[in-house]
Amino acid sequence: MPSKISQSKSDLTKRDFRAMILILFKLQKTRVEIYESLQEHYPDLAPSLSTVERWKTEYSHNGENVNEMLDLTTKDPHITYAQLEYKTELSSGTINIILHKELCVRKLCARWIPHSLNLQQKISRIDFCKIMLKRFANGSSRAVSEILTGDETWIYHYDTETKRMSKEWVEEDAPPLTKVQRARPVGKQMWAIFFRSSWFVEAVALEDRKTVTADWYTTVCLPKVITAIESQREKTGIRGILLHHGNASSHTAIRTREFLENSGLKTLPHPPYSPDLAPCDFWLFPRLKDQLRGRRFSTNEELRGALFQAIGDIPKEDWKKCV
């Protein structure tokens, strides 16, 4: 125990003495040694021997509580506060202190990921990124404008608002807001959307079909995309264009590969199970769906109009920034 302290002795509280007892307890001092040390420095203020003994016993029990809590949370990481209170017979406040200050743990929710990648797939992602960064000079190359990226997604006739989108400004004493949660209608339509860093290229609906096949992709979708590219690039057409699409079966089928080869449309690689590296998946589709949430469309024609309006509302610089 230091002989000099900056705090005035008269300002010492019971909490201060409890802290001193805890420090000496952790230094493995006996109750008598703790009592004598406090009496030596604070003869008029130090707690009695019985008080020192009571707090030393409490801290000793606390050590046991910490070990018990560690054992319970290790065996069952999903255990709740209520279960901990029941099994340890401790208060929620004590449990909170042990968890956050003694064990230094916190409870987190698992984050959903599309796929659990193996080592080779992780290496493939790294290699892909290195190749792209080198090939396009970290994004500064003019060749970035030649990348044509696209993918398919379902667009619903009605998609509920997110909780964040339903927030409203209300007075402080206003009652909580409620909203009836309705089931999502079955009306939906599959769309394939393609764009470049310069602008949107084409959106193709999957009419009267529920599955994207290589037949539809090569006879309906890609021909419309190529036509759109040629109308945007009257002099060069698809020359130099690099198609970046995912690894869906319709994209990697023999029929699709033959079509791309015959049309002269070259492709960029894409690592498996990597939607976070596909601009449509990580940027365009979430943005469009957020704009359409909360709106009802009775027909595919209404949905189509709203979709193209949402696409047109995206500033030109945002397309470039994404790519």
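If you look the protein up in an unreviewed UniProt entry, it shows as Histone-lysine N-methyltransferase SETMAR-like from Oopsacas minuta.

Colleague: Looking at this structure, I do not really get the pattern of salt bridges. What am I missing?
Modeller: It is possible for side chains of opposite charge to pair when their charged atoms get near one another. Under the definition given, this model contains 6 salt bridges. A salt bridge links R31 to E53; the shortest N-O distance between them is 4.0 Å. With R31 in helix α2 (residues 31-41) and E53 in helix α3 (residues 49-75), this residue pair connects regions lying 22 residues apart in the sequence. The partly exposed category is assigned to R31, whose relative accessible area is 34%. Across the pair K75 and D71 runs a salt bridge whose closest N-O atoms are separated by 3.4 Å. Of this pair, K75 and D71 both sit in helix α3, 4 residues apart, roughly one helical turn. Given a relative accessible area of 34%, D71 falls into the partly exposed group.

Colleague: Please clarify how the packing of aromatic side chains should be interpreted in this entry.
Modeller: What describes a pair of aromatic rings is the distance from one ring centre to the other and the angle between the planes of the rings. Taken as a whole and assessed by the stated rule, the structure comprises 8 aromatic pairs. Both rings, one in F195 and one in W283, keep their centres 5.8 Å apart while their planes meet at 55 degrees; by these two values the pair is tilted. Of the two residues, F195 sits in strand β2 (residues 188-195) while W283 sits in helix α10 (residues 279-292), which places them 88 residues apart along the sequence. W283 carries the same exposure label as F195, and that label is buried. Their ring planes at 40 degrees and their centres at 6.5 Å tell us that F200 and W319 sit as a pair that is tilted. Taken together, the residues span a long stretch of sequence, with F200 in strand β3 (residues 200-205) and W319 in helix α12 (residues 316-322) at a distance of 119 residues. Judged by its relative accessible area of 11%, F200 is buried. Taken together, W191, F195, W199, F200, W283, F308 and W319 form an aromatic cluster joined through their ring pairs. Geometry around Y158 places R296 over its ring, the cationic atom sitting 3.8 Å from the centre.

Colleague: Sorry if this is basic, but what is going on with the environment of P43 here?
Modeller: Along the chain, P43 turns up in the loop between α2 and α3. For P43, a relative accessible area of 48% translates into the label partly exposed. Once the C-alpha coordinates of P43 and L148 are considered, the two residues, 105 residues apart in sequence, prove to be 82 Å apart.

Colleague: Would you mind showing me how to read the pairing of β3 here?
Modeller: Side-chain positions along a regular strand alternate between the two faces of the sheet. With respect to burial, β3 is a largely interior element, 6 of its 6 residues being buried. The pairing of β2 with β3 spans 5 bridges and is antiparallel. Bridging from a neighbouring strand, I193 pairs with A203 of β3. Where β2 hands over to β3, the hairpin turn is made up of 4 residues, counted between the paired strands.

Colleague: Quick question: what am I supposed to make of the nonpolar core here?
Modeller: Nonpolar side chains in soluble globular proteins generally cluster together in the buried interior. In terms of nonpolar packing, the biggest core is built from 22 residues, with W191, I193, L284, L288 and W319 touching the most fellow members. Among the elements that take part in this core, α10 stands out by supplying 6 residues, more than any other. Of all hydrophobic cores here, the second largest spans 21 residues; its members include A192, V212, V225 and I241.

Colleague: Mind showing me how you'd approach helix α11 (residues 300-312) here?
Modeller: Since the α-helix advances by 3.6 residues per turn, residues separated by three or four positions end up pointing in the same direction. Compared with an ideal rise of 1.5 Å per residue, which puts 13 residues at 18 Å, α11 spans 18 Å between its outermost C-alpha atoms and is within 8% of the ideal. Among the residues making up α11, those that are buried are L303, A306, L307, A310 and I311. Summarising the axial view, the buried residues of α11 lie within an arc of 140 degrees, below the 170-degree limit, and thus occupy one face.

Colleague: Just to check I follow, could you spell out the packing of helix α7 (residues 214-232) against helix α9 (residues 254-263) for this structure?
Modeller: A pair of packed helices can be characterised by two numbers: the angle between their axes and the separation between those axes. Where α7 meets α9, the closest approach of the two axes is 9 Å, and the angle between their N-to-C directions is 30 degrees. Between α7 and α9, the angle falls in the class roughly parallel. Handedness of the crossing formed by α7 with α9: right-handed. On α9, the residues touching A214, D215, Y217, T218, T219, L222, P223 and I226 of α7 are R255, T256, F259, L260 and S263. For the contact of α7 with α9, the per-class residue count stands at 7 nonpolar, 4 polar and 2 charged.

Reading guide: rules and limits
- Residues numbered from 1 in each chain as written.
- Predicted model: local features only at pLDDT ≥ 70, side-chain atom pairs only at ≥ 80, totals over all residues.
- Heavy atoms only, no water.
- Salt bridge = Lys/Arg side-chain N within 4 Å of Asp/Glu carboxyl O.
- Helix = DSSP H or I, 4+ residues; strand = E, 2+ residues; numbered from the N terminus.
- Buried < 20%, exposed > 50% of the residue type's maximum accessible area, 1.4 Å probe, protein only.
- Phe/Tyr/Trp six-rings, centres within 6.5 Å; stacked < 30°, edge-to-face > 60°.
- Lys NZ or Arg CZ within 6 Å of the ring centre and 35° of its normal.
- Pairing = 2+ DSSP bridges.
- Core = buried A, V, L, I, M, F, W, Y, C linked by side-chain atoms within 4.5 Å.
- Expected span 1.5 Å × (residues − 1).
- Arc of directions from axis to C-beta.
- Axes fitted to C-alpha atoms, helices over the stretch in contact; angles between N-to-C directions.
- Parallel < 35°, antiparallel > 145°, perpendicular 65-115°, else oblique.
- Left-handed = near helix turned anticlockwise from the far one by under 90°.
- Contact = heavy atoms within 4.5 Å.
- Nonpolar A, V, L, I, M, F, W, Y, C, P; charged D, E, K, R; others polar.

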